[in-house]
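Chain and residue survey
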Amino acid sequence: MTEDEEVMQEVHGRVKWFDPSKGFGFIVSDQSESDILLHANVLRNFGQGSVADGAGIVVRVQRTQRGVQAVEVVRIDPPEGAVFPLGEEADQLVGADILALALEPARVKWFDKGKGFGFANVFSRPEDVFIHAEVLRVSGFADLAAGEAVVLRIIEGRRGRMAVQVLSWESATREHA
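In this report, the structure presented in the accompanying data block is examined. What you are looking at is a predicted structure, and each value in this text was computed from that prediction instead of being measured.

About the thresholds
Residues numbered from 1 in each chain as written. Predicted model: local features only at pLDDT ≥ 70, side-chain atom pairs only at ≥ 80, totals over all residues. Heavy atoms only, no water. Phe/Tyr/Trp six-rings, centres within 6.5 Å; stacked < 30°, edge-to-face > 60°. Helix = DSSP H or I, 4+ residues; strand = E, 2+ residues; numbered from the N terminus. Buried < 20%, exposed > 50% of the residue type's maximum accessible area, 1.4 Å probe, protein only. Pairing = 2+ DSSP bridges. Contact = heavy atoms within 4.5 Å. Core = buried A, V, L, I, M, F, W, Y, C linked by side-chain atoms within 4.5 Å.

Examining the packing of aromatic side chains
In the structure shown here, the tally under the stated rule is nine aromatic pairs. An angle of 85° between the planes, with centres 6.1 Å apart, marks the rings of phenylalanine 117 and phenylalanine 119 as edge-to-face. With 6.5 Å between their ring centres and 80° between their planes, phenylalanine 123 and tryptophan 169 make a pair best called edge-to-face. You can see phenylalanine 123 sitting in the loop between strand 7 (117-122) and strand 8 (128-132) and its partner tryptophan 169 sitting in helix 5 (residues 169-175), a full 46 residues away along the chain. Judged by relative accessible area, phenylalanine 123 falls into the partly exposed class, the value being 37%. Members of the aromatic cluster, joined through ring pairs, are Trp110, Phe117, Phe119 and Phe130.

Structure, rendered in structure tokens:
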């Protein structure tokens, strides 16, 4: 390994695209002259199996003979201009109100990207929590897997509890450590 390969730097960018079935994607950044490879294992180490196209991302990178690669995800932010699609359920809520909601640990029951929604179970509660695909997207995710551990911010809607923000279990625990 050369000296260049050993030096890591923190880079801010946007997810150009990420395909969980291929196991990789790319990040674009003004701080790098080429696209940055984001491997699925690096994303999984952060606690997510996917990430939305256009999501803001902070990564630590290494320059190798094959190009620039992310070696650690530091933070993922929702895509720019993302508006939480709460409709009439929460027309009085603003971003600060959402961030003031309690974080509730949950496990994904199922999520169908084609249908555009899924459900999770909050630990110690019997009712399901509805997760809409758009809430998932503006939270920085592209998909969820059954059994995946997540942390949710939840409101009481007309039809029951619904997520207004989704965080990976690992990122939520890092933020509160």
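Further notes follow.
Here's the deal with unusual backbone geometry
Positive phi, close to 70°, is recorded for serine 124, a residue that is not glycine. Considering the arrangement of structural elements, one finds serine 124 in the loop between strand 7 and strand 8. You can call serine 124 exposed: its relative accessible area is 83%.

Examining the pairing of strand 6 (residues 103-112)
Taken together, the five bridges between strand 6 and strand 9 (residues 149-157) define a ladder with antiparallel strand orientation. Looking at the pairing, glutamate 104 lines up with leucine 152 of strand 9. Note that strand 6 and strand 7 share six bridges and pair antiparallel. Each residue of the ladder has a partner; that of phenylalanine 111, found in strand 7, is glycine 118. What sits between strand 6 and strand 7 in their antiparallel hairpin is a turn of four residues, with glycine 116 showing a positive phi close to 90°.

A closer look at the pairing of strand 7
Residues Gly118, Ala120 and Val122 point to one face of strand 7 and are all buried, whereas Phe117, Phe119 and Asn121, pointing to the other face, are not buried. Summarising the sheet, strand 7 and strand 8 pair through five bridges and their orientation is antiparallel. By the bridge assignment, phenylalanine 117 is partnered in strand 8 with histidine 132. Connecting the antiparallel pair strand 7 and strand 8 is a turn made up of five residues, with serine 124 showing a positive phi of about 70°.

A closer look at the environment of alanine 106
Inspection of the secondary structure puts alanine 106 in strand 6. Of the residues examined, alanine 106 reaches a relative accessible area of 0% and is grouped as buried. When the C-alpha atoms of alanine 106 and phenylalanine 119 are compared, they prove to be 10.0 Å apart, with 13 residues separating the residues in sequence. Setting aside residues no more than four positions away along its own chain, alanine 106 makes contact with Ala120, Asn121, Val122, Phe123, Glu148, Ala149, Val150 and Leu152.

Digging into the nonpolar core
Leu38, Val51, Ile57, Val59, Val73 and Ile76 are the most contacted members of the largest nonpolar core, which has 19 residues in total. Secondary structure elements with two or more residues in this core: strand 1 (8-19), strand 3 (36-39), helix 2 (40-46), strand 4 (56-64) and strand 5 (67-77). Once you skip the residues sitting within four places of it in the chain, isoleucine 57 turns out to touch Val11, His12, Gly13, Arg14, Val15, Ile27, Leu38, Val73, Arg75 and Ile76. Formed by 16 residues, the second largest nonpolar core is a distinct cluster that contains Ala106, Ile131, Leu136 and Leu152.

Comments concerning the environment of lysine 113
Tracing the backbone shows lysine 113 in the loop between strand 6 and strand 7. A relative accessible area of 52% means that lysine 113 is categorised as exposed. On a C-alpha basis, the gap between lysine 113 and aspartate 143 in space is 6.5 Å, while along the polypeptide they are 30 residues apart. Once residues within four sequence positions are removed from consideration, lysine 113 is found in contact with Ala142 and Asp143.

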